[in-house]
Structure formats: structure tokens, C-alpha cells
Amino acid sequence: MTNDALLRQPADALPAFLASAEKLGMWSTARRLGHYGSSLYADVPLRGKRMLDIGGGNGVFSLYAAASGAARVICLEPETDGSSAGMRETFSRVALDIGAPNVEMRPCFMEEFSAEPSSFDVVLIHNSINHFDEPACIAFQKDPAARAKYRSMFETIDHWLAPGGHLLLADCSSRSLYSALGVRNPFMPDIEWHKHQPPEAWEGLLNQLGYSRCCLRWTSPNTFGKLGVALLSNRLGGYVTLGHFRLHMVKAAAGARA
């Protein structure tokens, strides 16, 4: 599908995707998926853009981007290889339902993927950054070797991202009211807080590579809807609820780097 064809996509492509995703069990409800997806991509241009989704799980946010007019989307998810083949089938079914041949899922790790320089305009890392190298993520702030591993991985991503491109990173922070108290988070009881890092850790590393912050926002529980976003999508709200952040970084434009 060409960019021109994508720009002529029906205006109902996103609603059709939300309905299909709910029907096939990719998200609890279309309304909640629409709410979260619009918040996730709020200030990220998608229409006509090329996107890479690293560790995309069931691929729901790759499909969301495709339904929003992205020109091409590749979702990397190694767990679709073998035992989770049903997840890939659901992904393909939703892509077919919404008429989006411009999105594909590849069952591979980031280290197994290759692309030409500046192949993408947007890179999404949604709830997967700690899985890149779990021991290194745990030791990130204390071990220079761990930070070097992550820097090397971000340098690879930087190679793929076009100048002026957008890097969107969402994850849980290791710092929250519940991690400080040493108790389970009632909103996210299964999170292993010590395996994560605060957004400042990733921002500092990306600053070294010439990226600048566009936006840091904290995630309000989806069940709270728009009122929750208004009241809780800030550092304090995140600290006492999900402890989940959304960091939007922008790569320097061509010629702007030292």
C-alpha cells in the first residue's frame, strides 16, 4: 500500500480496528483501547509514517498505528514463534479485518532484526525495555557494563530511526509508593519493581545520544477514564497508582548533532 493510498483510508479505519480488537480478545473493550491508544500516541505523528514496534506483544499497538494511517508498521515479538502461534493468527485476522496489509509481525528478537539506516520515523518500546536484557536492566544504575549494554542497544535503534524521528518508551518505574513500602501494588500486583528503571534513567542515556524530551506523562488507570487523565497523569498521580510512565523522546534533526 502506498502512502497516497493510506492517506485515502476510510475515516472509520480506527473504529473498525477497535471493534475487531475487542471481538478477538486483544483488549478488554474497544472504548478502553481507544482511550489508552489515543493517550499513548497523543503527540506522536503516525499518518504516513514508518513505525517499528519492539517487543510488541500481541501487536495491538502496531495495529492501532496502522489503523491510524501509518504507512508501514513492523512488530517484533519473539514469543509469537512456536507456542504462541495463535497470537500471530489473531494479529493477522485483525489486520485483514481492517484492510491493513501495511502491518506485519516478525517472530524475532531485536538482535536478530536488521534494517537500513533511517528506515523508521517512529520507534515504540511498550512495556518491553526491561526484557531487552533483564540482568542489565536490574543493574543499570550501579553497573557501568550494564549501562554500556543498553547504550549499545539504543545505538542500534538510533541507526534505524530517521533524523527528527520519535522514540516512544512506556514502562513501569521502579519508584512508586508501593515499591517504597515494600508491598504489592493494588493496581498492578504482579509487577516486579526491582526489574524496572525510572524514566530519568532512560532519558539520561538517550540524552547522551542526542535525543531531547518531548513529553513525560504518567499513566492513569484506564478504568478512571478522562477524569483520571485530568487528575492523575502527573508524577504524583503515577506514584500513588500505576507507577507507569510514557516517555516521548525526539532524535535530533539532520545536521543538528555535534
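In this text the structure is predicted, and so the values were computed from the model without any measurement.

K.L.:
Would you take a moment to explain the packing of helix H2 (residues 13-23) against helix H4 (residues 60-67) for this structure?
P.N.:
The angle between the axes and the distance between the axes are what describe a pair of packed helices. The interhelical angle for the contact between H2 and H4, taken along N-to-C directions, is 155°, at an axis separation of 8 Å. In terms of their interaxial angle, H2 and H4 are classed as roughly antiparallel. Handedness of the H2/H4 crossing: right-handed. Residues Ala13, Leu14, Phe17 and Leu18 of H2 touch H4, and the partners they reach there are Val60, Leu63, Tyr64 and Ala67. Classifying every residue of the contact of H2 with H4 gives eight nonpolar, no polar and no charged.

K.L.:
Hey, could you run me through unusual backbone geometry in this one?
P.N.:
Phi is mostly negative for residues that are not glycine, and the peptide bonds are mostly trans. Non-glycine residue serine 118 carries a positive phi angle of around 60°. Turning to its location among the elements, serine 118 is positioned in the loop between strand S3 (103-106) and strand S4 (120-126). Overall, serine 118 belongs to the partly exposed group, its relative accessible area being 29%. Not every positive phi belongs to a glycine, and asparagine 127 is a case in point at roughly 55°.

K.L.:
Would you mind going over the pattern of salt bridges with me for this structure?
P.N.:
If the charged atoms of two oppositely charged side chains come close together, the side chains can form a pair. According to the stated counting rule, one finds twelve salt bridges in the structure shown. The salt bridge involving arginine 50 is made with aspartate 121; its shortest N-O contact spans 2.9 Å. A residue pair is termed long-range when its members are at least 10 positions apart, and arginine 50 in strand S1 (residues 50-54) and aspartate 121 in strand S4 qualify at 71 residues. Its relative accessible area of 18% is what places aspartate 121 among the buried residues. Among the salt bridges present, the one from glutamate 192 reaches lysine 195, with a minimum N-O distance of 3.0 Å. Here the salt bridges share partners, and the residues they tie into one network are Arg72, Glu104 and Arg106.

K.L.:
Honestly, the sheet that holds strand S6 (residues 211-218) in this entry has me stumped. Any pointers?
P.N.:
Hydrogen bonds along the backbone pair up the strands of a sheet, which may run parallel or antiparallel. What the seven strands build is an open sheet, ordered S3-S2-S1-S4-S5-S7-S6; its pairing is mixed. Looking along the sheet, the strands with just one partner apiece sit at the ends: S3 and S6. Neighbouring strand axes in the sheet, compared pairwise and without regard to direction, differ in orientation by 15° on average. Both strand S5 (residues 161-172) and strand S7 (residues 244-251) contribute to a ladder of seven bridges, which runs antiparallel. Bridge pairing in S7 links leucine 169 to leucine 247. In the packing of H4 onto the sheet, contacts are made with S1, strand S2 (72-76), S3 and S4, and the angle to S1 comes to roughly 170°. Strands in contact with helix H9 (residues 199-208) are S5, S6 and S7; relative to S7, the strand with the most contacts, it is inclined by about 10°.

Criteria and cut-off values
- Residues numbered from 1 in each chain as written.
- Predicted model: local features only at pLDDT ≥ 70, side-chain atom pairs only at ≥ 80, totals over all residues.
- Heavy atoms only, no water.
- Axes fitted to C-alpha atoms, helices over the stretch in contact; angles between N-to-C directions.
- Helix = DSSP H or I, 4+ residues; strand = E, 2+ residues; numbered from the N terminus.
- Parallel < 35°, antiparallel > 145°, perpendicular 65-115°, else oblique.
- Left-handed = near helix turned anticlockwise from the far one by under 90°.
- Contact = heavy atoms within 4.5 Å.
- Nonpolar A, V, L, I, M, F, W, Y, C, P; charged D, E, K, R; others polar.
- Buried < 20%, exposed > 50% of the residue type's maximum accessible area, 1.4 Å probe, protein only.
- Salt bridge = Lys/Arg side-chain N within 4 Å of Asp/Glu carboxyl O.
- Pairing = 2+ DSSP bridges.

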